[in-house]
Amino acid sequence: MDKDIQNSSRAFVIGHPIGHSRSPMIHRYWLNQAGLTGSYDPVDVAPEDLPTFFRALKDRSSGFTGGNVTVPHKEAIITLVDEIDETARLIGAANTVWLEDGRLMATNTDSLGFAANLDETAAGWDHGKRAIVLGAGGASRAVVHALLARGFDEVSVVNRTASRASTLAERFGPCVSAHGLENLADVIKGANLFVNTTTLGMAGTEVPPIDFTTMASDALVTDIVYIPLETPILAMAKHQGVATTDGLGMLLHQAAPGFQKWFGVKPVVTPELRQLIISDMEAH
Ligand code: ATR
């Protein structure tokens, strides 16, 4: 085992603000399950303090072995670590950092988490050829990366701001095309998978009507937003009789690789853990 990995390792989640993060609940559940003495704590780090935080991480003075990085630091940290892997490079953002042989490494586990959630809840989801991804931000890049890695031939990125969709499509090459929202009704026809990566329909915004019934007969609609568990887009698809998967599993599964890096134990996403987070969501 790498000398940086120990049962008593200390890990963090940094963001700004960080109060909303459910990652501590997930990692503390796994620490408890495995009987480890390590810790996982939220730390609010403002953008201007990020370089200092990473210097202390690298020279070990912070006492941390690694951790998760969330909004708004996922892109900025790429230039602050010693090495990013191919996944983080392609996505252009990282969410997990760890020390390995004295070097600070970073990857992006959102893409693996997205795929693992569908593997668990909708086996065969990756047999389809064509996917629609709504949104063109960082989360969308992680989803597009996962879809190409799992063999989708065509990924249509649909976004309110069409130019952002074009920039994303150029980044990933010829299998990815860009569209404005006005083309959604056309491109959705015959698609096997629809992924929402936007907050459309939340916080008072209206979801434009989407006809999911024109998708292929094996169609699946999923959302990476998990608050609420049934987002307006999932509710609409369900109402139309189309199969759906919520995004909570992605949150749980994206956490697993980091836990293994910091504490040396492979954690399991259990129904009990899922229920723990749902209960917390209901309480707040
Ligand atoms: P993230 O990194 O989480 O993906 P982001 O970079 O802020 O976040 O991207 C948010 C995405 O949600 C964008 O695709 C955004 O569309 P624009 O690029 O046009 O801004 C999309 N989005 C957010 N609110 C929306 C709304 N009310 N209607 C349509 N799209 C919306």
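Only a predicted model underlies this, so the values are computations on that prediction, with no experimental measurement involved.

Student: Looking at this structure, I do not really get the side chain of Asn68. What am I missing?
Tutor: Its place among the elements puts Asn68 in strand β3 (residues 66-69). On the accessibility criterion, Asn68 (5% relative accessible area) is buried. Side chain to side chain, Asn68 and Thr96 meet in a polar contact 3.3 Å long. Setting aside residues no more than four positions away along its own chain, Asn68 makes contact with Phe12, Val13, Ile14, His27, Tyr40, Asn95, Thr96 and Trp262.

Student: How should the site of the ligand be read in this particular structure?
Tutor: The full set close to the ligand counts 13 residues, and Ala136, Asn159, Arg160, Thr161 and Leu200 are the nearest of them. Between the ligand and Arg160 there is a distance of 2.8 Å, counted from an oxygen atom to a side-chain nitrogen or oxygen. One of the side-chain nitrogen or oxygen atoms of Thr161 is found 2.5 Å away from an oxygen atom of the ligand. Taken by itself the ligand offers 650 Å² of open surface, and the protein chains cover 69% of this. Within the shell around the ligand, the residues separate by chemical class into 3 nonpolar, 8 polar and 2 charged.

Student: Honestly, the packing of aromatic side chains in this entry has me stumped. Any pointers?
Tutor: What characterises a pair of aromatic rings is the spacing of the ring centres plus the angle enclosed by the ring planes. This model, assessed by the stated rule, comprises 11 aromatic pairs. Each ring, one from Phe194 and one from Phe212, has its centre 5.1 Å from the other, and the planes form 85°; the classification is edge-to-face. Taken together, the residues Phe194 in strand β10 (residues 193-196) and Phe212 in the loop between β10 and β11 (220-223) connect sequence positions 18 residues apart. Accessibility expressed as a relative area gives 0% for Phe194, which makes it buried. Put simply, the rings of Trp30, Tyr40, Phe259, Trp262 and Phe263 touch in pairs and so form one group of aromatic residues. Positioned over the ring face of Phe64 is Arg10, at 4.5 Å from the centre of the ring.

Student: How should the sheet that holds β11 be read in this particular structure?
Tutor: Within a beta sheet, neighbouring strands are joined by backbone hydrogen bonds and run either parallel or antiparallel to one another. If you walk across this open sheet you meet the 6 strands as β9-β8-β7-β10-β11-β12, and the pairing is parallel. This sheet does not close on itself; its edge strands, each paired only once, are β9 (176-180) and β12 (243-245). Averaged over all neighbouring strand pairs, the angle between strand axes comes to 20°, with direction disregarded.

Student: Would you explain the domain arrangement of the chain in this entry?
Tutor: You'll often see interface size given as the accessible area lost when the parts meet. The domain boundaries assigned to the chain delineate domain 1 (3-108 + 251-283) and domain 2 (112-246). Inter-centroid distance (C-alpha atoms) of domain 1 to domain 2 is 27 Å. Each partner contributes to the interface: domain 1 provides 16 residues, whereas domain 2 provides 15 residues. The junction of domain 1 with domain 2 conceals about 1300 Å² of combined surface from both sides, 58% of it contributed by carbon and sulfur atoms. The tally of links from domain 1 across to domain 2 stands at 2 salt bridges. We note a salt bridge from Glu75 to Arg141, for which the minimum N-O separation is 3.1 Å. Across the contact surface, domain 1 and domain 2 share 6 residue pairs in polar contact (both at pLDDT 80 or more). Within the residue set of the side of domain 1 that touches domain 2, elements represented by two or more residues are α3 (86-91), α9 (248-263) and α10 (271-283). Split into classes, the residues belonging to the side of domain 1 that touches domain 2 amount to 8 nonpolar, 4 polar and 4 charged.

Student: Looking at this model, I keep getting lost on the pairing of β3. Mind explaining?
Tutor: Residues in a regular strand project their side chains so that they alternate between the two faces of the sheet. The pairing of strand β1 (residues 10-15) with β3 spans 4 bridges and is classified as parallel. Each bridged residue has a counterpart across the sheet, and for Ala11 the counterpart in β3 is Gly66. Pairing analysis gives 3 bridges linking β3 to strand β5 (residues 96-100), with the strands arranged antiparallel. Looking at the pairing, Asn68 lines up with Thr96 of β5.

Student: What's the story with the environment of Ser23 in this structure? I'm lost.
Tutor: Summarising the element assignment, Ser23 is placed in helix α1 (residues 23-34). A residue is classified by how much of its surface remains accessible, and Ser23, at 8% relative accessible area, is buried. Separated by 229 residues in the primary sequence, Ser23 and Leu252 have C-alpha atoms spaced 8.4 Å apart. Every residue in contact with Ser23, bar those within four places of it in the chain, is listed here: Val13 and Tyr40.

Student: Sorry if this is basic, but what is going on with helix α8 (residues 232-239) here?
Tutor: Side chains three or four residues apart in an α-helix point the same way, a direct result of the helix having 3.6 residues per turn. For α8, the set of buried residues is Ile233, Leu234 and Ala237. Projected down its long axis, α8 carries its buried residues within an arc of 100°, all on one side. Residues of α8 that are buried make contact with β7 (130-134), β10, β11 and β12. After α8 finishes, the residue Gly241 shows a positive phi value of roughly 80°.

Conventions adopted
Residues numbered from 1 in each chain as written. Predicted model: local features only at pLDDT ≥ 70, side-chain atom pairs only at ≥ 80, totals over all residues. Heavy atoms only, no water. Helix = DSSP H or I, 4+ residues; strand = E, 2+ residues; numbered from the N terminus. Buried < 20%, exposed > 50% of the residue type's maximum accessible area, 1.4 Å probe, protein only. Polar contact = N/O pair within 3.5 Å; in protein donor to acceptor, adjacent residues only side chain to side chain. Contact = heavy atoms within 4.5 Å. Near = heavy atom within 4 Å. Areas by Shrake-Rupley, 256 points an atom, 1.4 Å probe, with all protein chains shown as cover. Nonpolar A, V, L, I, M, F, W, Y, C, P; charged D, E, K, R; others polar. Phe/Tyr/Trp six-rings, centres within 6.5 Å; stacked < 30°, edge-to-face > 60°. Lys NZ or Arg CZ within 6 Å of the ring centre and 35° of its normal. Pairing = 2+ DSSP bridges. Axes fitted to C-alpha atoms, helices over the stretch in contact; angles between N-to-C directions. Domains from an automatic or database assignment. Buried area = accessible area lost by both parts, 1.4 Å probe. Salt bridge = Lys/Arg side-chain N within 4 Å of Asp/Glu carboxyl O. Arc of directions from axis to C-beta.

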